[in-house]
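Chains, contacts and geometry: an overview
In case you want the letters, here they are:
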Amino acid sequence: MTKVAMTVNGKAVSGEVEGRTLLSAFLREGQGLTGTHVGCDTSQCGACVVHVDGKAVKSCTVFAADVAGSSVKTIEGMANADGSLGVIQQAFQDHHGLQCGFCTPGMVMSSAALLAENPKPSEQEIREYLEGNICRCTGYHNIVKAVLAASGQDANAIAAE
Amino acid sequence: MPKDHGIGASTKRREDVRFLTGKGVYTDDMRVYGQTYAVFVRSQVAHGRIKSINTGNAAAMPGVLAVFTGEDFKDVGGNPAGWLIKSRNGEAMREPKRPVLAHSKVRHVGDAYAAVIAETYAQAKDAAQQLADDTEIEELPAIVDMAAALGNTSNRVHDEIPDNQCYDWGWIEDNRAAVDAAIKAAPHVTTLELVNNRLVPNAMEPRASIGEYFPGTGDYKLTTTSQNPHLTRLLVAAFVLGIPENKLTVVAPDVGGGFGSKIYHYGEEALVLAAAKKLCRPVRWTAERSESFLSDAHGRDHVTKIELASDLEGNFIAFRTETMANVGAYLSNFATVTPTFLHGTLMAGPYKVPHVYVNVKTVFTNTAPVDAYRGAGRPEATYSLERVVDKMCRELNLDPFEVRRKNFITTDMFPYTTPVALAYDTGNYHATLDKVMEMADVAGFEKRRAESAKRGKLRGMGLSTWIEACGIAPSHLVGILGARVGLYDAATVRVNATGNISVMVGAHSHGQGHETVFPQIVASKLGVPESSVEIVHGDTSKIPFGMGSYGSRSLAVCGVAMDKALDKIVAKGKKIAAHMLEASEDDITFEDGRFSVAGTDKAKTFGEIAFSAYVPHNYPLETLEPGLEETAFYDPANFTYPAGAYICEAEVDAETGKVDILAFYCADDFGNIMNPMIVEGQVHGGVGQGIGQALVENTYYDSNGQLLTGSYMDYAMPRATDVPFYTVDYSCQTPCTHNPLGVKGCGEAGAIGSPPAVVNAVIDALQRGGHTHVTHIDMPVSPSRVWSAING
Amino acid sequence: MHNFDFVKPASVAEAVKALSADGAQALSGGQTLMPTMKQRLAAPTMLVSLTGIAEMKGVKVDGRTLTIGAATTHATVAKEAAAYPALANLAGGIGDPAVRNRGTIGGSLANNDPSACYPSAVLASGATVVTSKREIAADDYFQGMFSTALEEGEFITAVRFPIPDRAAYAKFDQPASRFALAGAFVARFAGGVRVAITGASEGGVFRWAEAEAALSSNYSADAIKGLSLDPSGMIGDLHGTQAYRANLARVMVQRAVAAS
Ligand SMILES: Cc1cc2nc3c(=O)[nH]c(=O)nc-3n(C[C@H](O)[C@H](O)[C@H](O)COP(=O)(O)OP(=O)(O)OC[C@H]3O[C@@H](n4cnc5c(N)ncnc54)[C@H](O)[C@@H]3O)c2cc1C
Ligand code: FES
Ligand code: FES
């Protein structure tokens, strides 16, 4: 066991971890941040995506010890300061971009990373960026719309083309 | 103007807020004081005899609390099949026992034969590995291929079942001779052999269960990823563990998708309960995805030969099918009904065909159990029909739109009883076909095709028209057909003293949005704000006995139960109002949340009535009880029959065989619509899954019964790049005639109607592109298969 | 996953020392190693993370040579290897954004998955694999699927690419994993054309000599229209038959030529 410290959603946290402790487990078990989900064991589904130092990563495929000292952001840190939904979260609700909600944290975190890199992505760019996030419920239609809307584009018009 | 409130409004989902902020609570998110971890030991071979299990080493490992094997459960009950199907010869189906843990034999890769409970997950995992090393299993030849399994008496999945056949079912057996004769005499017969590929449901949340036991009271609690907590309670309590139903609470909290796979009771649920009792500590288990692939009930897996007899103008005369349906190694709870009554009864489609006969042989193999998956039986029926109709059109050089049109049941024919015994109450198949053709600009296709050709691509258009029977089901009917349960549903409406409302429903939401839609109905009916209504679901200690959510039944059955309970609330409210307003009950009217004495300005608001119900200071108690709470159970009079027409436009890259879906159009008739936004979302999701089935998904077992597609590395899930924006319409509405909401159900439609549209589009593209020798490709129409078909 | 000790050296020298221990294994982005360890297919007793070594990170251009530190992520290469657009493009098409933010060129080359993308670029470019001990020419480095010239304790520190005049990578995704079902990297230098194929062969990444010869004399997609690879050495599995793989490899070469 070694002690690791990092910043999670703006708060300094620390905990005892084994070498094999995954970042996803550190967040879920250690920090009680169960919004980060685990949907596979082959690093493909993206339910576990969080940001490490501003970049989207699959927290099931990062050792907690390897990101000691980093700044981590999870779905729990995405709302506005007053607790209201952030722009991307709100767009997901407005456009029904989620059903069972299991893929949603990863989808929101990946979408946030996309919009940080590319503030006005095209439909195709969104679809490609979300390639590592599997959703079984929505057929992706409303997720893509939500991301278009979150970037200030006219999602309804684009989807109807 | 779109509505902003109540029935018909696209109210935004209230449950989204918790899911979007990471505050949903799924089973694996729960922490229970004193919890321990279960890990299952699963067979690595498809078929084998357990020679010995030495538990000593594993039991002695650090942190290990208990080890269970099949021996520990050999005297408790088994997990039963929900339907008893009879063979053509009148014999009952063969039903092997399905134990909690495999005993004496393992029957598929992933079959759990032991479990280890330890203080930590890692310790349990280490000990499970040890136990696997300490187990001796004599490998037997695997039975994988259905045709080879049938009639193979020397190699049996279950020693007591001589030919690996569960049943040989005919529907309707009395039709058989007439159908055979009609086909023999027909001017044209189109024959198609096809495979409905085996799928892994892949709800994104893996299955998980937590068992608890409270020694002080002898109560048990099971928190589990279920679509129907009461059904699970019934199965675990009455059939498997033999504990009193009222000593077991089953909670299905937030559930991350089901698609059928979480209807059924699985051995892991019984194990965590039994272990919790033995240890007097909570026991938890969460599947790793690789375990899900091996042990969740799979879907589809039919091999079918279908014949369509017609005249030369394309008027249908008869359909005849012969199907082998794989049930895997054990009968999962709905496994026997899916290939029969959910499939054979739909084999007339939306057509006025006079003769239909369906034969299904259901086969045991050394593969994971197969059961209902989104659509369940109806996608199989639709796929067979719509593919063979498409093939017939090509053979006779007829227009596929016209052929559908001339064979559709017309609106003046309802109610219409098909040769396979369903009584369609209403519909308008011509309307949805016209609509989808307009949406897809069928007339402009040739121009688009030419444009694709300039880019070197082959473009095709595929049509599929579909119907399903959903809102399962009338209990009296399913009882006759062999169901071992009733299929009603229930709701309790509790109006609280302050006027807000709790509605306890038997339906379970795992993505469907019940927490939002059900209040819309309450709001419309009682004239209260949606926000004053809370839906309670998923906890057997709180809700009335309902049958859960699957088969597009939530609204059409449970929603109607709630509607009936609301009627009772209004009736009771009138009574209270009559008392308060000193009027006769008959003179009280209820509108917009106000109880009034007709013809006067005397009135009480809904809130005043509610308050009075709980502060009954001067009630005439002999005729008026306090309280405002009502329960209704609703058992539908008939199935509901949503229907629709889908068009897929696809492009094929002949050099690589890759198929791109360019556009997908859906015109559906779901009857009345409660929340358009949610209906659209359901169709999107279903179509996404259908495109997945048609293009990329498949479950491969090799001849040794090893699962080759055991992870997302090899099992292809549709991704955002694989699908287009869908165009969805539900304006053609023929409300269901036998439920007061006029709703039909929309949860499975997309998955039913889409696969044949996709495959028809691909075949169309190849045919128009000059590859006229390609008349069929089995799903998934993967790049390799398309290329091989072109070049084969 | 079995437990292990975790160390994170700050220099190549420290890493050399750490990796000389028995049971020690390099960890770079973890995007291949971690799923493998979850399946208990690898069980090192010590993991030596290379991601804290500054000298192993980054993209440098020196004339017509591009050098990439082994611990440089795919995302960084996609963004910073503008001097070699085909390579940047390849890196930007590996996996998904989250994988690209962690996965590294060193890890990919050490692993030498037969369906991985980078090996084709390294082989077609005639790049040099720089290790903690020596420099290895691409033609000597790849030794069949999952097998390389790396020795026990040796690790990649950088890869040096000569920048071709024209180049492109064309990849056809395996529908499930999205690795290459077949991928072709074509690089045209003054001295001739090199073509490497990944994803298709039982033997891992390989150079297609016939295509190289044809393209060296006539650099056009049509030049290889009539060529074909022998299907017998190709991978045949549930995602594609051997004949299909052979065809796909050729089509990808043609598309790479057209795109370069
Ligand atoms: C969902 C997903 C999709 C992917 N898609 C693709 C794809 O399309 N194309 C593709 O090419 N790849 C793909 N990959 C693999 C990805 O590119 C990995 O990043 C890469 O294969 C390994 O790099 P890594 O840095 O993560 O290495 P690690 O996983 O850390 O290590 C891999 C192996 O290399 C060893 N190693 C690591 N670094 C060194 C070094 N410097 N010297 C010597 N040995 C070393 C390790 O000990 C280990 O054995 C995908 C991976 C995932 C999870
Ligand atoms: S849980 Fe991390 S990718 Fe699936
Ligand atoms: S909303 Fe259920 S998996 Fe995406």
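Just so it is clear, the structure is predicted and the values come from calculations on it, not from any experiment. (Residues numbered from 1 in each chain as written. Chains lettered and ligands numbered in written order. Predicted model: local features only at pLDDT ≥ 70, side-chain atom pairs only at ≥ 80, totals over all residues. Heavy atoms only, no water.)

**Focus: the overall build of chain C**
Along chain C, the regular secondary structure elements total ten helices and twelve strands. The C-alpha radius of gyration of chain C comes to 18 Å, within 12% of the 18 Å expected for a compact globule of 260 residues. In terms of its C-alpha atoms, chain C occupies a principal-axis envelope of roughly 55 × 45 × 30 Å. Counting over 260 residues, chain C shows a buried share of 60%. Intrachain contacts of chain C at a sequence separation of at least 6 include 59% that bridge at least 24 residues. Total accessible area computed for chain C in this model is approximately 9,600 Å², and 49% of it derives from carbon and sulfur atoms. Placing the 23 positive and 22 negative side-chain charges of chain C at their respective mean positions leaves the two points 7 Å apart. (Helix = DSSP H or I, 4+ residues; strand = E, 2+ residues; numbered from the N terminus. Rg over C-alpha atoms; globule rule 2.2 N^0.38 Å. Buried < 20%, exposed > 50% of the residue type's maximum accessible area, 1.4 Å probe, protein only. Contact = heavy atoms within 4.5 Å. Areas by Shrake-Rupley, 256 points an atom, 1.4 Å probe, with all protein chains shown as cover. Lys, Arg positive; Asp, Glu negative; His and termini not counted. Charge placed at Lys NZ, Arg CZ, Asp CG, Glu CD.)

**Some thoughts on the overall build of chain A**
Assigned secondary structure in chain A consists of six helices and five strands. Along chain A, helices (α) and strands (β) appear in the sequence β-β-α-β-β-β-α-α-α-α-α when read from the amino end. Here the C-alpha atoms of chain A give a radius of gyration of 16 Å, agreeing with the 15 Å that 2.2 N^0.38 yields for 161 residues. Taking the principal axes of its C-alpha atoms as reference, chain A extends roughly 55 × 35 × 25 Å. Out of the 161 residues in chain A, the part that is buried amounts to 66%. Long-range contacts, defined here as pairs at least 24 residues apart, represent 54% of the contacts in chain A between residues at least 6 apart. Here chain A displays about 5,100 Å² of accessible surface, and carbon together with sulfur accounts for 49% of that area. Taking the average place of the 11 positive charges on the side chains of chain A and the average place of its 16 negative ones, the gap between the two points comes to 3 Å.

**Considering the sheet that holds strand β23 (residues 588–591) of chain B**
The strands making up a sheet associate through backbone hydrogen bonding, with each pair oriented either parallel or antiparallel. All names here are of chain B. As summarised here, the arrangement of the three strands in space is β23-β24-β25, forming an open sheet in which the pairing is antiparallel. Either end of the sheet is taken by a strand with one partner, and the two such strands are β23 and β25 (603–605). Across the sheet, the mean angle from the axis of one strand to that of its neighbour is 20°, orientation sign disregarded. Alignment of strand β24 (residues 594–597) against β25, held across three bridges, turns out to be antiparallel. Looking at the pairing, S596 lines up with A603 of β25. Helix-sheet contacts for helix α15 (residues 554–580) involve β23, β24 and β25, and the interaxial angle to β23 is about 125°. (Pairing = 2+ DSSP bridges. Axes fitted to C-alpha atoms, helices over the stretch in contact; angles between N-to-C directions.)

**As for the site of ligand 1**
Residues and elements named next belong to chain C. Near ligand 1 there are 32 residues, and of these A26, S28, L33, T104 and C117 occur at the shortest range. Contact between ligand 1 and Q25: an oxygen atom at 3.0 Å from a side-chain N or O atom of the residue. For ligand 1, whose free accessible area comes to 960 Å², the fraction covered by protein is 94%. Counting residues per element, the ones that place at least two in the shell around ligand 1 are β2 (24–27) and α6 (105–111). The greatest single-element share of the shell around ligand 1, amounting to four residues, is contributed by α6. Considered class by class, the residues forming the shell around ligand 1 number 14 nonpolar, 15 polar and three charged. (Near = heavy atom within 4 Å. Polar contact = N/O pair within 3.5 Å; in protein donor to acceptor, adjacent residues only side chain to side chain. Nonpolar A, V, L, I, M, F, W, Y, C, P; charged D, E, K, R; others polar.)

**Looking at the domain arrangement of chain C**
Bring the parts together and some accessible area is lost; that lost area is often taken as the interface size. All names here are of chain C. Split into domains, chain C comes out as domain 1 (5–49), domain 2 (55–162) and domain 3 (166–259). Taking only C-alpha atoms, the centre of domain 1 and the centre of domain 2 are 18 Å apart. Listed as interface residues are nine residues of domain 1 and, on the opposing side, 15 residues of domain 2. Carbon and sulfur atoms make up 65% of the surface buried where domain 1 meets domain 2, a total of about 860 Å² over both sides. Broken down residue by residue, the surface that domain 1 buries against domain 2 is led by V12, S28 and Q31, which jointly contribute 53%. Across the contact surface, domain 1 and domain 2 share zero salt bridges. In this assembly, domain 1 and domain 2 are joined by two residue pairs in polar contact (both at pLDDT 80 or more). Here the residues of the side of domain 1 that touches domain 2 sort into four nonpolar, five polar and no charged. (Domains from an automatic or database assignment. Buried area = accessible area lost by both parts, 1.4 Å probe. Salt bridge = Lys/Arg side-chain N within 4 Å of Asp/Glu carboxyl O.)

**Notes on the pattern of salt bridges**
All names here are of chain B. Taken as a whole, this structure holds 77 salt bridges over all chains when the rule is applied. With its nearest N and O atoms 3.4 Å apart, the salt bridge here joins D159 to R49. With D159 in the loop between α4 (146–149) and β7 (165–171) and R49 in strand β2 (residues 48–53), this residue pair connects regions lying 110 residues apart in the sequence. With its nearest N and O atoms 2.9 Å apart, the salt bridge here joins D301 to R198. Of the two residues, D301 is situated in strand β13 (residues 298–310) and R198 in strand β8 (residues 188–199); the sequence distance between them amounts to 103 residues. For the pair D301 and R198, one class covers both residues: buried. In this structure, a network of salt bridges that share partners links the residues R387, D390, R394, E446, R449, D764 and R768.

**Topic: empty space enclosed by the protein**
Residue and element names in this part refer to chain B. Applying the stated rule across the entire model yields ten cavities of 30 Å³ or more. In this structure, the largest cavity encloses a volume near 650 Å³. Around the largest cavity, the lining comprises 43 residues; the ones closest to its centre are Q512, S552, S554, Q682 and G747. Only α14 (514–526), α15 and α17 (676–695) provide two or more residues apiece to the lining of the largest cavity. (1 Å grid on protein atoms, 1.4 Å probe; cavity = no way out; pocket = protein on both sides within 12 Å on 5 of 7 lines; lining within 4 Å. Points joined across faces, edges and corners; volume = space filled by probe spheres on them.)

**Regarding the interface of chain A and chain C**
Contact residues are listed per partner, giving 23 residues for chain A and 28 residues for chain C. Interface area for chain A against chain C, summed over the two sides, is near 2,100 Å², with a carbon-plus-sulfur share of 56%. Of all residues in chain A, R20, F63 and D66 of chain A bury the most surface against chain C, accounting for 29% of the area lost on that side. The interface formed by chain A and chain C includes four salt bridges. Two residues, R178 of chain C and E131 of chain A, come together in a salt bridge whose shortest N-O distance is 3.9 Å. For the interface between chain A and chain C, the tally reads eleven residue pairs in polar contact (both at pLDDT 80 or more). It is strand β4 (residues 55–58) of chain A that contributes the most residues to the side of chain A that touches chain C, four residues altogether. The residue makeup of the side of chain A that touches chain C, split by class, is ten nonpolar, six polar and seven charged.

**Some remarks on the interface of chain B and chain A**
Between chain B and chain A, the residue contacts involve 53 residues of the former and 50 residues of the latter. Buried area between chain B and chain A, summed over both chains or domains, comes out near 4,300 Å², and the portion from carbon and sulfur atoms is 57%. The largest per-residue losses of area from chain B upon contact with chain A belong to L20, M204 and F725 of chain B, which jointly make up 20% of the total buried on that side. On the surface where chain B and chain A come into contact, there are five salt bridges. A salt bridge links K12 of chain B to D94 of chain A, with the shortest nitrogen-to-oxygen separation between them at 3.1 Å. In this structure, the connection of chain B to chain A is made through 26 residue pairs in polar contact (both at pLDDT 80 or more). Among the elements of the structure, α1 (15–20), α8 (289–295) and α17 of chain B are those that each provide at least two residues to the side of chain B that touches chain A. The biggest single contributor to the side of chain B that touches chain A is α17 of chain B, with eight residues. A per-class count over the side of chain B that touches chain A returns 25 nonpolar, 16 polar and twelve charged.

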